[in-house]
Each structure stands twice: as C-alpha cells, then as structure tokens.
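# Summary of the model geometry
Each chain, written out:
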Amino acid sequence: MTSLASTPVLIFILWREFVWGGLAGAFGEGMMHPVDTVKTRIQSQAIISGSLGQKNILQMIRSVWASDGIRGFYRGVAPGVVGSFATGATYFGVIESTKQWIEALNPSLSGHWAHFIAGGIGDTLGSFVYVPCEVIKQRMQVQGTRNSWSSTMLKENSAHKSGAHIYGYYSGMLQAGHLIWKQNGLKGLYTGYWSTLARDVPFAGLMVTFYEALKDLSRYGKEKLPPVSNVHINNSFEGLLLGGLAGGLSAYLTTPLDVIKTRLQVQGSSLRYNSWLDALRTIWMAEGANGLFKGSVPRIMWYIPASALTFMVVEFLRDNFNERPVSRVREVSSISIEPSPKMRKHRTEAAPISRGLFGIKELPRFSLGSRDES
C-alpha cells in the first residue's frame, strides 16, 4: 500500500531530476562556451588550415579576437545549449533508476561499476539529440563570423588542402541543420555519432564514478572529524568542488577520443579521415601523442568549471525544491501503515534522508520498509 501511494511522488522527483539536470547542463555550456570554442578551433586546425604548424591556446585566443571579436567566441552557443540541455536531462534523470535496476539485476555490479554503466547509458540516450547539435555547433565555431570564414575559404592553402570550402556559411542553428540535411541527409547530422559515443560513454561513466568515489571519500573524512568540530559543508559547495575534480580528470583521460570526434565532425564531405580507426591511425602517424592530446588544456579548463557548475546547480535545486516531495513520502509512509513497536523504534533511530548524487537514494527505505513488518 505504501509503495503504490508513494509511486507518484517518486515519479515526480525523477521528473524533477530531468529538469534540474537539463537546466544545469545548459547553464554550464552557456557559461563555458568561449573556452569550448578555443578548444574546438585548436583541435580542428589540421582540417581547416591543412598545416601542422598550429597555434597554441594564447595564439588562438588572440586570433579569434582579432578576426571575429567577442562574437567569435560565442559562435554555435545555441546548438551547444540545446545539446547540453538534452544530455544533462537524460544523464541525471535516467542514471539513478538505471543504477538501481543494475544493482537489483546483478548485485555483483553494485557500487562504482553500477555508477559507470548507468552513466554511460544515460549519456547514450542523450546522444540522439546531442550529436546533431554538436555537429552544428562545432562547424559554426570553426567558421567564426562571415567575413573571417570567407577569408579562410579564399586562402590557397585552405582551398587546396583542407577542403574548408565544402560547406557554406551557417547564419544560425536552424539554417545550419537545414543545409546539412539537404547536402548529406540524416547521415550528415549524425556525422561522428559513434566517435561521440566512444568519447562520451567512457567520459560519463568515469565522471559519475569519480564523483561518487570522491563523495565516499568526503563522507569518510567527515566521520573521522572530532564530534565537537561542528563542521558542516553545504551540498552545493561540495558539488562544486567534487564535480569540478571529477569532470577535469575525466576530460583529460578522454581527450584523444575528443580529438578524433572533433575532426570527423568538422571535415564535412572532404573525407580526410574515412573512419574512427583511420582517424586514430592517421593522427598518430602524422602527429604522435601530442596530436591525440591536442586541446587537452582548454578541454580541462572547460570541464572543471562546467562540471562544477552543473553539479552545484543540481545540488542547489534539489536542496531548495525537493524538500516537499520527500516530506510527502514520509507522511504517506506514516499514515498508510499501522506501526509496530519495532517499526517505531526503527523510525526513532533512523538517520535523516541522505541525498547522494541523485537525491533519492534512501527513499526506498521509507516506502518499502513496511514489508518487514507485514
């Protein structure tokens, strides 16, 4: 009876996880988009300029500013925000229920393995919206403003070696999507789909695994503090610190996968790289390890604050807007079952509800605990 009565509340909380995750993802992308633009341009230089003599971070920042101004750093922000909203929503909304399902189906995969698998599944679902947005975003990022793109197309090196002239200038997200669909169909919008999954599934799995591991370490540290220390760390602040660390470490480890994905998506129909493996082999032979880790610094610079802001916003929204549903679950549990002395003792000794990464870890204890009493 308790389980049925509390189910709408649990579904409501899960839907809030979709909303909070989507808003947090969009917020992080919007704040950090200029850094992502610099990273994308650094990684795609071999495609656009056709030269191995490439700019570093500071040189690229000066180049973008000189040719495009502030607008150049924000090219492609609209598809970036849309794609990040979709990814954030599915990542946070799907992952907790997936993790619980994995642990119930196969207890040997509990803990960090369940976090890794659930993170990968959540990101995979979001990729159906994210990948087309990413293709549009990255092509708009490398184009800059109309004048700078026209100048690039006129350069002999670009026209004859890199194939930068293969697609026209995109004035906006919808127009870009229409042109790509018209020229290459659905395949064009999903260019680099498998390379995106090859990057994002490990990244998503690693990030949630690192985050949970850091949360466990944080809890262990709190338990070791003297009882009189009275130290309290706000959930939002903890999400900011731990989310940034988890995102930065995951970003560095998956940089080679990101380089391959970026080059496949910005090359258009010139087909400098025929496949994911061909891109990996070609980059390794021509540029070595430095080529595969190109753009790692701005990628880390993007993901540390972006992940920190994302987890901070999610924790803040949960703390401030999820209190009422949780209290309703408590009320349902208390009025729908006649408590026995043992159950009253259990409630007296029960710890407060723990908000883990997805905010509802302990809810099953309140809604299903009555089964032991029946």
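Residues numbered from 1 in each chain as written. Predicted model: local features only at pLDDT ≥ 70, side-chain atom pairs only at ≥ 80, totals over all residues. Heavy atoms only, no water.

Taking an unreviewed UniProt entry as the reference, the protein chain is identified by name as Mitochondrial carrier protein belonging to Platanthera guangdongensis. The heading Sequence similarities (unreviewed entry) in the UniProt record of the protein chain holds the text "Belongs to the mitochondrial carrier (TC 2.A.29) family." (UniProt positions renumbered as here; feature names shortened; annotations may be inferred.)

Remark: the centre distance and the inter-plane angle together describe each pair of aromatic rings, the angle taken between the planes. Throughout the structure, instances matching the rule amount to seven aromatic pairs. Taking 4.6 Å as the distance between ring centres and 75° as the angle between the ring planes, the aromatic pair formed by Trp 302 and Tyr 303 counts as edge-to-face. Accessibility expressed as a relative area gives 13% for Tyr 303, which makes it buried. Put simply, the rings of Phe 128, Tyr 190, Tyr 193 and Trp 194 pair up and form one aromatic cluster. Above the face of the Phe 203 ring, Arg 299 is positioned so that its terminal group lies 5.7 Å from the ring centre. (Phe/Tyr/Trp six-rings, centres within 6.5 Å; stacked < 30°, edge-to-face > 60°. Buried < 20%, exposed > 50% of the residue type's maximum accessible area, 1.4 Å probe, protein only. Lys NZ or Arg CZ within 6 Å of the ring centre and 35° of its normal.)

Once that is clear, we can look at the packing of helix 10 (residues 193-224) against helix 11 (residues 235-253). At a closest axis distance of 8 Å, the pairing of helix 10 and helix 11 adopts a crossing angle of 140°. When the axes of helix 10 and helix 11 are compared, the pair comes out oblique. The two elements helix 10 and helix 11 cross, and the hand of that crossing is right-handed. Residues Phe 203, Leu 206, Met 207, Phe 210, Tyr 211, Leu 214, Lys 215, Ser 218 and Lys 222 of helix 10 touch helix 11, and the partners they reach there are Glu 238, Gly 239, Leu 242, Gly 243, Leu 245, Ala 246, Gly 247, Leu 249, Ser 250, Ala 251 and Leu 253. Class assignment of the residues belonging to the contact of helix 10 with helix 11 gives a composition of 12 nonpolar, five polar and three charged. (Axes fitted to C-alpha atoms, helices over the stretch in contact; angles between N-to-C directions. Helix = DSSP H or I, 4+ residues; strand = E, 2+ residues; numbered from the N terminus. Parallel < 35°, antiparallel > 145°, perpendicular 65-115°, else oblique. Left-handed = near helix turned anticlockwise from the far one by under 90°. Contact = heavy atoms within 4.5 Å. Nonpolar A, V, L, I, M, F, W, Y, C, P; charged D, E, K, R; others polar.)

A separate point is the nonpolar core. The biggest cluster of nonpolar side chains holds 24 residues, and the ones touching the most others in it are Ile 136, Tyr 167, Tyr 170, Ile 180, Tyr 273 and Ile 283. Only helix 2 (45-48), helix 6 (112-143), helix 9 (173-189), helix 10, helix 12 (255-266) and helix 13 (276-292) provide two or more residues apiece to this core. Residue contributions to this core peak at five residues, all from helix 6. Grouped together as the second largest cluster of nonpolar side chains are 21 residues, Trp 20, Val 208, Leu 242 and Val 313 included. (Core = buried A, V, L, I, M, F, W, Y, C linked by side-chain atoms within 4.5 Å.)

What follows deals with helix 13. Owing to its 3.6 residues per turn, the α-helix aligns residues three or four sequence positions apart on the same side. An ideal rise of 1.5 Å per residue puts 24 Å on 17 residues; helix 13 reaches only 13 Å between its terminal C-alpha atoms. Ala 286 marks the point of greatest bend in helix 13, at about 100°. Those residues of helix 13 lying buried are Asp 278, Ala 279, Ile 283, Glu 287, Gly 288, Gly 291 and Leu 292. Packed against the buried residues of helix 13 are helix 2 and helix 12. (Expected span 1.5 Å × (residues − 1). Bend = angle between axes of the 7 residues up to and from the residue.)

This structure, assessed with the given rule, holds one cavity of 30 Å³ or more. Empty space within the largest cavity amounts to approximately 450 Å³. Contributing to the lining of the largest cavity are 29 residues, with Ser 84, Thr 87, Phe 203, Trp 302 and Tyr 303 lying nearest its centre. Secondary-structure elements contributing two or more residues to the lining of the largest cavity are helix 1 (2-43), helix 5 (77-105), helix 6, helix 10 and helix 14 (296-321). Of the residues contributing to the lining of the largest cavity, the split by class is 10 nonpolar, nine polar and 10 charged. (1 Å grid on protein atoms, 1.4 Å probe; cavity = no way out; pocket = protein on both sides within 12 Å on 5 of 7 lines; lining within 4 Å. Points joined across faces, edges and corners; volume = space filled by probe spheres on them.)

A grouping of Val 82, Ile 121, Leu 125, Phe 128 and Val 129 is seen on the molecular surface, where their side chains present a nonpolar patch of about 390 Å² in accessible area. Among the elements that line the nonpolar patch, the one with the most residues is helix 6, at four residues. For Val 129, the location among the structural elements is in helix 6. You can call Val 129 partly exposed: its relative accessible area is 40%. (Patch = residues over 30% accessible without salt bridge, like charges linked within 9 Å, V, L, I, M, F, W, Y side chains within 5 Å. Areas by Shrake-Rupley, 256 points an atom, 1.4 Å probe, with all protein chains shown as cover. Salt bridge = Lys/Arg side-chain N within 4 Å of Asp/Glu carboxyl O.)

Our focus in this paragraph is the pattern of salt bridges. Scanning all chains against the criterion turns up 13 salt bridges. With a shortest N-O distance of 3.7 Å, Asp 36 and Lys 39 are connected by a salt bridge. Here Asp 36 pairs with Lys 39, and both are found in helix 1, just three residues apart, close to one helical turn. In terms of burial, Asp 36 and Lys 39 fall into one category: buried.

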